[in-house]
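# Structural characterization, general
Spelled out, the chains give:
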Amino acid sequence: MTELIPLLQKIEQCRLCEAHLPHQPRPVVRASTSAKLLIVGQAPGRKVHESGIPWNDPSGKRLRSWLKMNDDEFYNVGNVAIIPMGFCYPGTGKSGDLPPRPECAPQWHNALLQQLPDIRLTLLIGQYAQKAYLPDDYQKRYKTLTERVQHQHELPESLFVLPHPSPRNQLWLKRNPWFEEDTLPRLRNRLGTQYQ
């Protein structure tokens, strides 16, 4: 933990992409050396930027329901690390929030991951996290997010891919009932065994 604390303090002071952000930088990251579950998502939305609490919005509410975790479990930093691809709110575009800033993950992710020795399961939520963390051969075989989620059982036990839980993805969920019927029970089973 002695190296993680100064690293998190450096991240808190990061101004790497300040010129491209709509507001003052407010990196939103949670990590501890004892964490077993790592959640890699996109970037904070406006509500998360305002509160400084990751997944503190409708997407987070749905994610917690997928995981069958209450707020206390989800925000227990001793067990759950939350490291998005972009740490600051990138602003809004025509069809929702802009993509995570590309500077963030290359600057900070490797250093953070080196301080998280006990991670047993990593959730890759959405296309940006999946592009960064999934094996190249898997991405070549399964080019769409739907294919990657559908075939996630082919990945190592330490990885699990999910669509983004945004309310904007309601249509995707309706078109892919297998996700709630098959994928979510498999995820919950994996979560149930991660601390054993």
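Higher on the page you've got the structure.
As a starting point, this report considers the structure included with it. What you see is a predicted model; the values in this text were computed from it and never measured.

By definition, the strands of a sheet pair up through backbone hydrogen bonds, in either a parallel or an antiparallel sense. Pairing is parallel across the open sheet formed by 4 strands, whose spatial order is E2-E1-E5-E6. Each edge of the open sheet carries a strand with a single partner, namely strand E2 (80-82) and strand E6 (159-162). Adjacent strand axes in the sheet meet at a mean angle of 20°, parallel and antiparallel pairs treated alike. The sheet contact formed by strand E5 (residues 121-125) and E6 spans 4 bridges and is parallel. Among the inter-strand pairings, Leu-123 is bridged to a residue of E6, identified as Phe-160. The strands touched by helix H10 (residues 178-193) are strand E1 (37-40), E5 and E6; relative to E6, the strand with the most contacts, the crossing angle is about 145°.

Glancing now at the pairing of E5. The element E5 is largely enclosed, with a buried count of 5 among its 5 residues. Burial along E5 is two-sided: the face carrying Leu-121, Leu-123 and Ile-125 and the face carrying Thr-122 and Leu-124 are both buried. Direction of pairing for E1 relative to E5: parallel, over a ladder of 4 bridges. Considered in E5, the bridge of Ile-39 is made with Leu-123.

All chains considered together, the criterion is met by 6 aromatic pairs. Arranged with centres 4.9 Å apart and planes meeting at 70°, the rings of Trp-66 and Phe-179 form a pair that is edge-to-face. In this pair, Trp-66 sits in helix H3 (residues 58-67) while Phe-179 sits in helix H10, placing the two residues 113 residues apart along the sequence. What makes Trp-66 buried here is its relative accessible area of 3%.

Okay, the pattern of salt bridges next. A full pass over the atoms with the stated rule returns 7 salt bridges. We note a salt bridge from Arg-141 to Asp-137, for which the minimum N-O separation is 3.8 Å. Placement of the pair is Arg-141 and Asp-137 together in helix H7 (residues 136-141), with a separation of 4 residues, close to one helical turn. With a relative accessible area of 44%, Arg-141 lands in the partly exposed category. Among the charged side chains, a network of salt bridges with common partners joins Asp-137, Arg-141 and Glu-154.

Cut-off values and rules
- Residues numbered from 1 in each chain as written.
- Predicted model: local features only at pLDDT ≥ 70, side-chain atom pairs only at ≥ 80, totals over all residues.
- Heavy atoms only, no water.
- Pairing = 2+ DSSP bridges.
- Helix = DSSP H or I, 4+ residues; strand = E, 2+ residues; numbered from the N terminus.
- Axes fitted to C-alpha atoms, helices over the stretch in contact; angles between N-to-C directions.
- Contact = heavy atoms within 4.5 Å.
- Buried < 20%, exposed > 50% of the residue type's maximum accessible area, 1.4 Å probe, protein only.
- Phe/Tyr/Trp six-rings, centres within 6.5 Å; stacked < 30°, edge-to-face > 60°.
- Salt bridge = Lys/Arg side-chain N within 4 Å of Asp/Glu carboxyl O.

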